[in-house]
Amino acid sequence: MNRTEQYQCCMVMAGGGFRFGYYLGMYAAAVETNNKPDILLASCGGAIAAAVIQALPDDAQRKAWISSPAMYRFLCGLRTTPKAAIGRAFIHAAKRRLDSRRAPVIPDLFSDYFFDIPPELPLPRPQSGNSVAVAIVGGKILFSKDQVGQPRSQRKLFSEVVFGEPRTAALLRGMDSPLSDPIWGENAIARELLTDVAMPIGDAVRISISDMFYFPCHVHESGHYTGGVVDLFPIELAQRLGRRVIMELKAPFNQTLAIPAWRAVLGVDGNHRLRHMHGQYADAWIDASDVDSRFDKRGMQMKISWTKNRFSLLMPARYETYLEDVEAQWQYGYQRGMEAFANPSANYQRHMRHATRHNKGRPAR
């Protein structure tokens, strides 16, 4: 039997939200230092960057696309829903914080979300001249709307799905979903890892950015899908796909909001998973652990509008400011990438500090 050949190098683009511009800078640094990946494994906002990189042949065109008026209009088109009411949001967050059970009930990912997304993602049509493959992580919902609110009773609620090419599917065949492992406790992720080679890339990206409680799940044909959070740090998949792996160093999740949300929906402690990821082997680690603090006053920001009783997402009021923010993101990713590839030894020491100091603590029970 013929064995599918691994890719030479897999770069993981995990998360990033709508600050996905820095992934384009990271990729540019990899190419410039002869570390060009031949497959991108992406989740959440990183999926947008991966799709743009695959479609367009050079840095200038990619940067121009994410800087375009169409992308700016798309991001400005995110609208709050009645579920984003301040009092309601605080009450639900407090309940999740106080409930230590792992995904005790079937969550409402169909209508309980803060922001509506415009129907069409402004992704470029693929052009010739770039050979990088793309694999995108998402989750298939295994329950229906009429089951929301029922006790989970140890039922598995999600299947991890990787959308990509037949070669990717062949390499991942027979693999278990990393988050289904019992080391994460009584989690809600099914054991079998699914692959899908037929999903249009626009739908795959839209699926991957469907973050729980923030954005709605995505419907494709007869299936409902949720985001790449079902495996936000897919280092095990990357090791299966590529001979070399490029990963990011990430900051810990917020214990007040993010960790209870992970526990309530997936039955997993996100920081436990993060510590585990940081303890794995990768050939290069790019330090993006301070991306939130570096850009907390730039780009899209979540704001509280007390007069409107709403959480809202605010984009820069001027398109010119948006262009400056995209450039700052790109430069950040490029500089961090160059640091990582120029001095692997120092970067490895930084990785070990993150694995021990930045992600201390025991997993939540």
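Quick caveat, the model's predicted, so the values are computed rather than measured.

Undergrad: Would you mind showing me how to read the layout of surface pockets here?
TA: Think of a ball as big as a water molecule: rolled over the atoms, this probe shows where empty space is left. Roughly 1,700 Å³ of volume is contained in the largest pocket. Asp211, Tyr214, Ala258, Asp292 and Met302 are the residues nearest the centre of the largest pocket, which is lined by 47 residues in total. For the lining of the largest pocket, the secondary-structure elements that each account for two or more residues are α5 (86-98), α9 (258-266), α11 (291-294), β12 (301-305) and β13 (310-314). Taken as a whole, the second largest pocket holds about 410 Å³ of empty space. In terms of lining residues, the second largest pocket is bounded by 16 residues, among which His92, Arg96, Val105, Phe213 and Ala264 are the most central. Per-element tally for the lining of the second largest pocket: the top contributor is α5, with 4 residues. Residue classes in the lining of the second largest pocket are distributed as 7 nonpolar, 2 polar and 7 charged.

Undergrad: I would appreciate a short explanation of the packing of aromatic side chains in the present structure.
TA: Each aromatic ring pair is summarised here by two numbers: the centre-to-centre distance and the angle between the ring planes. Per the stated rule, a full pass over the model turns up 16 aromatic pairs. Considering the side-chain rings of phenylalanine 114 and phenylalanine 115, the 5.9 Å spacing of their centres and the 85° angle between planes classify their relative orientation as edge-to-face. The residues phenylalanine 114 and phenylalanine 115 share a single accessibility class, namely buried. Members of the aromatic cluster, each reached through a chain of ring pairs, are Phe18, Phe114, Phe115, Tyr214 and Phe215. Note that arginine 96 overlies the ring of phenylalanine 213, its terminal NZ or CZ placed 4.2 Å from the centroid. Seen from the ring of tyrosine 7, arginine 167 lies directly overhead, with NZ or CZ sitting 3.8 Å from the centre.

Undergrad: Is there a simple way to explain the pairing of strand β10 (residues 242-249) in this structure?
TA: Taken across its 8 residues, β10 has 6 buried, putting it largely inside the fold. In terms of strand pairing, strand β1 (residues 7-14) meets β10 through 4 bridges, oriented parallel. Its bridge partner lying in β10, cysteine 9 is registered against arginine 244.

Undergrad: Looking at this structure, I do not really get the nonpolar core. What am I missing?
TA: Nonpolar side chains tend to gather and get buried jointly when the protein is soluble and globular. In this structure, Met13, Phe18 and Leu40 are the most contacted members of the largest nonpolar core, which totals 68 residues. Setting aside residues no more than four positions away along its own chain, methionine 13 makes contact with Tyr23, Tyr27, Leu40, Leu41, Ala42, Ser43, Gly46, Ala49, Ala50, Ile53 and Glu248. The next biggest cluster of nonpolar side chains, apart from the first, holds 52 residues, and it includes Val12, Ile141, Val229 and Ala261.

Here is what the cut-offs are and how they apply
Counting restarts for each chain: residues are numbered from 1 in the order of the written sequence. Totals for whole chains, interfaces and linings use every residue, but because this is a predicted model, local features are given only for residues with pLDDT of at least 70 and side-chain atom pairs only at 80 or more, for both listing and counting. Values shown for side chains rest on all heavy atoms present in the structure; no hydrogens or waters enter the calculation. As defined here, a cavity is a set of points on a 1 Å grid over the protein atoms alone where a 1.4 Å probe fits but cannot get out. A pocket is an open set with protein on both sides within 12 Å along at least five of seven lines, and residues line them when an atom is within 4 Å of a point. Grid points are joined across faces, edges and corners, and a volume is the space filled by probe spheres set on the points. The secondary structure listing takes helices from DSSP runs of H or I that are at least 4 residues long and strands from runs of E that are at least 2 residues long, numbered from the N terminus. Amino acids are sorted into nonpolar (Ala, Val, Leu, Ile, Met, Phe, Trp, Tyr, Cys and Pro), charged (Asp, Glu, Lys and Arg) and polar (every other residue, Gly among them). Stacked, tilted and edge-to-face are the three classes applied to pairs of Phe, Tyr and Trp rings, where Trp contributes its six-membered ring and a pair requires centres within 6.5 Å; stacked means planes under 30 degrees apart, edge-to-face means over 60, and tilted covers the rest. Burial classes follow relative accessibility: with a 1.4 Å probe on protein chains only, a residue under 20% of its type's maximum area counts as buried, one over 50% as exposed, and anything between as partly exposed. Charges are assigned to positions over rings by a cutoff of 6 Å between ring centre and Lys NZ or Arg CZ, combined with an angular limit of 35 degrees from the ring normal. Whether two strands pair comes down to DSSP finding at least two bridges between them. We define a nonpolar core as any set of buried Ala, Val, Leu, Ile, Met, Phe, Trp, Tyr and Cys residues linked to one another through side-chain atoms lying within 4.5 Å. Contacts are residue-level and defined by heavy atoms, with any inter-residue pair within 4.5 Å sufficient.

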